[in-house]
Amino acid sequence: MGIGIRAGDAVTVRSIEVDHHHRTPWFVKGKPGKVRLVHGAFFNPESRAHGGDGLPKRRLWQVEFLQKDIWGARYRGRADDVLVVDLFEHWLDRP
Amino acid sequence: MTDEHPPLIHAERSRRAVRILAIRRLLIEKDVVTTDELDDIIVRARARTPADGAKVVARAWLDRAFRERLLGDARTAVADLGYQLSHDAELAVVENTVDVHHLVVCTLCSCYPTSLLGPPPDWYKSFAYRQRAVVEPRAVLREFGLELADDVRVRVVDSTADVRYLVLPRRPAGSEGLGEDALAQLVTRDSMIGVAEARSRDRV
């Protein structure tokens, strides 16, 4: 299973709206990032928050984004400042 | 056992307190948790304080092999110091260097390395901190009294899921020759969240 992501890969966060609990912050949806590492597989919070068993477990990736890719000109800081977000694999696409 | 909360000392309850008590009552009514389980969670959270995280940091400053293990596999590294993490959450440690400064936030709620620092400070849970830390980290750091040099990159870590993040602050200049206990005195809670640096020796 999975989409064959490896550390170092470029990914894009899925830009979808869902009406259930999920752990993907709005500000990274649709944004390009780079996978740093995998934390392991964890219960799916989108199931558990609604009384489900959280299975199958989903792989959780640490993804790094350039701040300027997220906030554009609004971001005041260095061009190489980054934001790190932990995201479940089913929220990631390969560009 | 009763599901009544103890009488409040203050007649006027804050909106937040009212909300928390309502949620607590619902969780108990719906059998999601028991009062004993809630009490147990609170007791366990309060059993840890930032002094525990400070010991881990001080050891990492002194012991290079421990530092490497801490950065690679924090759970087993801290277990060697007697800290058993719960299985609810993983722990990751991010290291500040001369080139990069880390700042930890949980934009979705208030995830925090409670197993090493105890309960989070109120500001960590505030909407203001959670919103601003990701958008304008340098301004937030300035308000905490930390002005970063222009050549330092900022790496904000948003703990959105099952991993709790602890910052390994830089060892202060002038701390050479100090032992583990003395070094731990330099490590503040805020320096392990990333809104401050470790104290310098003359400010202890």
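Heads up: the structure comes first, above all this text.
Residues numbered from 1 in each chain as written. Chains lettered and ligands numbered in written order. Predicted model: local features only at pLDDT ≥ 70, side-chain atom pairs only at ≥ 80, totals over all residues. Heavy atoms only, no water.

K.L.:
Describe the packing of aromatic side chains, naming the residues involved and giving the relevant values.
P.N.:
Tallying each qualifying case throughout the model produces nine aromatic pairs over all chains. Aromatic pair Trp26(A) and Phe27(A): ring centres 5.6 Å apart, planes at 85°, arrangement edge-to-face. Residue classification places Trp26(A) among the exposed residues on the basis of a relative accessible area of 62%. Look at Trp123(B) and Tyr124(B): their rings are 6.2 Å apart centre to centre, the planes differ by 70°, and that puts the pair in the edge-to-face class. Taken together, the aromatic side chains of Tyr112(B), Trp123(B), Tyr124(B), Tyr129(B) and Phe144(B) make up a single cluster linked through ring pairs. Taking NZ or CZ as reference, Lys57(A) lies 4.7 Å from the ring centre of Phe43(A), over its face. (Phe/Tyr/Trp six-rings, centres within 6.5 Å; stacked < 30°, edge-to-face > 60°. Buried < 20%, exposed > 50% of the residue type's maximum accessible area, 1.4 Å probe, protein only. Lys NZ or Arg CZ within 6 Å of the ring centre and 35° of its normal.)

K.L.:
Any details on the interface of chain A and chain B? Residues and values, ideally.
P.N.:
Listed as interface residues are 26 residues of chain A and, on the opposing side, 24 residues of chain B. By the criterion of area lost to chain B, the three top residues of chain A are Arg23(A), Arg78(A) and Val84(A), representing 26% of everything that side buries. The interface formed by chain A and chain B contains 16 residue pairs in polar contact (both at pLDDT 80 or more). Elements supplying a minimum of two residues to the side of chain A that touches chain B: strand E2 (32–42), strand E3 (58–66), helix H2 (67–71) and strand E4 (82–88) of chain A. Counted by class, the side of chain A that touches chain B contains eleven nonpolar, six polar and nine charged residues. Both E4(A) and strand E3 (residues 153–158) of chain B contribute to a ladder of four bridges, which runs parallel. Residue pairing in the sheet places Val82(A) in a bridge with Arg155(B) of E3(B). (Contact = heavy atoms within 4.5 Å. Buried area = accessible area lost by both parts, 1.4 Å probe. Polar contact = N/O pair within 3.5 Å; in protein donor to acceptor, adjacent residues only side chain to side chain. Helix = DSSP H or I, 4+ residues; strand = E, 2+ residues; numbered from the N terminus. Nonpolar A, V, L, I, M, F, W, Y, C, P; charged D, E, K, R; others polar. Pairing = 2+ DSSP bridges.)

K.L.:
Break down the pattern of salt bridges for me, with residues and values.
P.N.:
By the definition in use, this model includes 21 salt bridges over all chains. Linking Arg78(A) and Asp80(A) is a salt bridge whose minimum nitrogen-to-oxygen distance equals 2.8 Å. A relative accessible area of 27% means that Arg78(A) is categorised as partly exposed. A single salt-bridge network, built from bridges that share partners, covers Arg36(A), Glu64(A) and Arg155(B). (Salt bridge = Lys/Arg side-chain N within 4 Å of Asp/Glu carboxyl O.)

K.L.:
Please set out the side chain of Thr160(B) residue by residue, giving values where relevant.
P.N.:
Among the structural elements, Thr160(B) can be located in the loop between E3 and strand E4 (163–168). Look past the residues within four positions of Thr160(B) in its chain and what remains in contact with it is Arg23(A), Pro25(A), Val85(A), Asp86(A) and Leu108(B).

K.L.:
Hey, could you go over unusual backbone geometry for me, with residue numbers and the actual values?
P.N.:
Following Leu55(A), the chain continues into Pro56(A) via a peptide bond in cis, with omega recorded as -5°. Phi is positive for Asp31(B), which is not a glycine, with a value near 65°. Tracing the backbone shows Asp31(B) in the loop between helix H1 (15–29) and helix H2 (35–46).

K.L.:
How would you explain a nonpolar patch on the surface if you had to name every residue and give the values?
P.N.:
On the surface, Ile23(B), Leu27(B) and Val32(B) cluster together into a nonpolar patch covering about 240 Å² of accessible area. Locating Val32(B) in the fold gives a position in the loop between H1 and H2. (Patch = residues over 30% accessible without salt bridge, like charges linked within 9 Å, V, L, I, M, F, W, Y side chains within 5 Å. Areas by Shrake-Rupley, 256 points an atom, 1.4 Å probe, with all protein chains shown as cover.)

K.L.:
Outline the environment of Glu176(B), supporting the account with residue identities and numerical values.
P.N.:
Residues and elements named next belong to chain B. By the secondary structure assignment, Glu176 is in the loop between E4 and helix H10 (180–184). Since its relative accessible area comes to 57%, Glu176 is described here as exposed. A sequence separation of 25 residues divides Glu176 from Arg201, and the C-alpha atoms of the two residues are 9.7 Å apart. Non-local contacts of Glu176, meaning those with residues more than four positions away in its chain, are made with Arg171 and Arg201. Reaching out from Glu176, the side chain makes a polar contact with the backbone nitrogen of Gly174 at a distance of 3.2 Å.

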